[in-house]
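# Inside the fold
One-letter residues, chain by chain:
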Amino acid sequence: MIASLDLAEILEETDRLAQLILRSEEVKQYRLCKQRLKQDKEAQKLIKRFVQKKEQFEEVERFGRYHPDYDRIKQEMRQLKRELDLNESVANFKKAERTLEAILIEISEKIAYAVSDSIKVPTGNPFFDQIGCGGGGCSGGCGSCGNH
C-alpha cells in the first residue's frame, strides 16, 4: 500500500511539473511558431511539395542509381529542403522546437540520473544515445566503468 501512495504522489508531482513546463516561455514560443507555420501559406506549399518529392524519391530509391530519374529527383528534393530550411516560419519553428526539446531532455536526464547514471535517456542525437552507461562517461560499455 505504501508503494502505491508513493507512486500516486510521484504522479501528482509529475502533473505539476508538466503544468509548469506548459506555462513556460519556451512552450509559449513553440506554440506561437507552430501556429505561424500553419498559417504561412508559402511554408505550407513548400512542405507539401517537399513531402511529395520525398515520396517520389523513396519510390525511385528502391532502384537506386539504376532508376533513370534518381539523380534528378534527389537533386530536386535537396533543393526543396534548402528552400524549406530558409523559410522564416520553418526556421523559427525548428529553433523553438530544438529549444523545447533540449529542455525536455535536460529534465529527463536529471530525473533518470538521480536514479542511476547508467540509465539511458534518448537525446535525439544518435551518437550520444549509443554511448554506454547513459552518457556517464565510461567508454568501455556498461559494466566496465563501475559507475553503477
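Structure: above.
Since the structure is predicted, the reported quantities are computational estimates derived from the model, not experimental observations. (Residues numbered from 1 in each chain as written. Predicted model: local features only at pLDDT ≥ 70, side-chain atom pairs only at ≥ 80, totals over all residues. Heavy atoms only, no water.)

End to end, helix 2 (residues 25-39) covers 21 Å across 15 residues, agreeing with the expected 21 Å (1.5 Å per residue, within 8%). The complete set of buried residues in helix 2 reads Val27, Tyr30, Cys33 and Leu37. The arc enclosing the buried residues of helix 2, seen along the axis, measures out at 130°, which places them on a common side. Those residues of helix 2 that are exposed and aimed more than 90 degrees away from the buried face are Glu25 and Gln39. (Helix = DSSP H or I, 4+ residues; strand = E, 2+ residues; numbered from the N terminus. Expected span 1.5 Å × (residues − 1). Buried < 20%, exposed > 50% of the residue type's maximum accessible area, 1.4 Å probe, protein only. Arc of directions from axis to C-beta.)

A word on the environment of leucine 80. The topology assignment puts leucine 80 in helix 4 (residues 70-86). Sequence separation between leucine 80 and lysine 54 is 26 residues; the distance between their C-alpha atoms is 9.5 Å. Setting aside residues no more than four positions away along its own chain, leucine 80 makes contact with Leu46, Arg49, Phe50 and Lys53. (Contact = heavy atoms within 4.5 Å.)

Right, let's talk about the packing of aromatic side chains for a bit. Evaluated as defined, the whole model comprises two aromatic pairs. Residues phenylalanine 57 and tyrosine 70 carry aromatic rings whose centres are separated by 5.5 Å and whose planes lie at 40° to one another, so their mutual orientation is tilted. Of this pair, phenylalanine 57 sits in helix 3 (residues 41-61) while tyrosine 70 sits in helix 4; the two residues are 13 residues apart in sequence, bridging distant segments of the chain. You'll find phenylalanine 57 and tyrosine 70 in the same group, each marked buried. (Phe/Tyr/Trp six-rings, centres within 6.5 Å; stacked < 30°, edge-to-face > 60°.)

Let's shift gears to helix 3. In an α-helix, one turn spans 3.6 residues, which is why side chains three or four residues apart end up on the same side. With 21 residues, helix 3 ought to run about 30 Å at 1.5 Å a step, and its terminal C-alpha atoms sit 30 Å apart, in line with that. Among all positions in helix 3, only Ala43, Leu46, Phe50, Lys53, Phe57 and Val60 are buried. The arc enclosing the buried residues of helix 3, seen along the axis, measures out at 105°, which places them on a common side. Within helix 3, the exposed residues directed more than 90 degrees away from the buried face are Lys41, Lys45 and Lys48.

Our next topic: a nonpolar patch on the surface. A cluster of nonpolar residues, Leu7, Ile10 and Leu11, forms a patch on the protein surface that exposes about 300 Å² of accessible area. One can find leucine 7 in helix 1 (residues 2-22). (Patch = residues over 30% accessible without salt bridge, like charges linked within 9 Å, V, L, I, M, F, W, Y side chains within 5 Å. Areas by Shrake-Rupley, 256 points an atom, 1.4 Å probe, with all protein chains shown as cover. Salt bridge = Lys/Arg side-chain N within 4 Å of Asp/Glu carboxyl O.)

Counted under the stated rule, the structure contains ten salt bridges. The partner of arginine 65 in a salt bridge is aspartate 71, and the shortest N-O contact between them spans 2.6 Å. On the basis of relative accessibility, which here comes to 57%, the residue arginine 65 falls in the exposed class. In this structure aspartate 71 comes out as partly exposed when scored by relative accessible area, which is 48%. Across the pair arginine 72 and glutamate 76 runs a salt bridge, and its minimum N-O distance is 3.0 Å. Taken together, the residues arginine 72 and glutamate 76, both in helix 4 and four residues apart, mark about one turn of the helix. Take arginine 72: its relative accessible area is 40%, and that puts it in the partly exposed class. When salt bridges with common partners are traced through the structure, they connect Lys53, Asp69, Arg72 and Glu76 into a single cluster.

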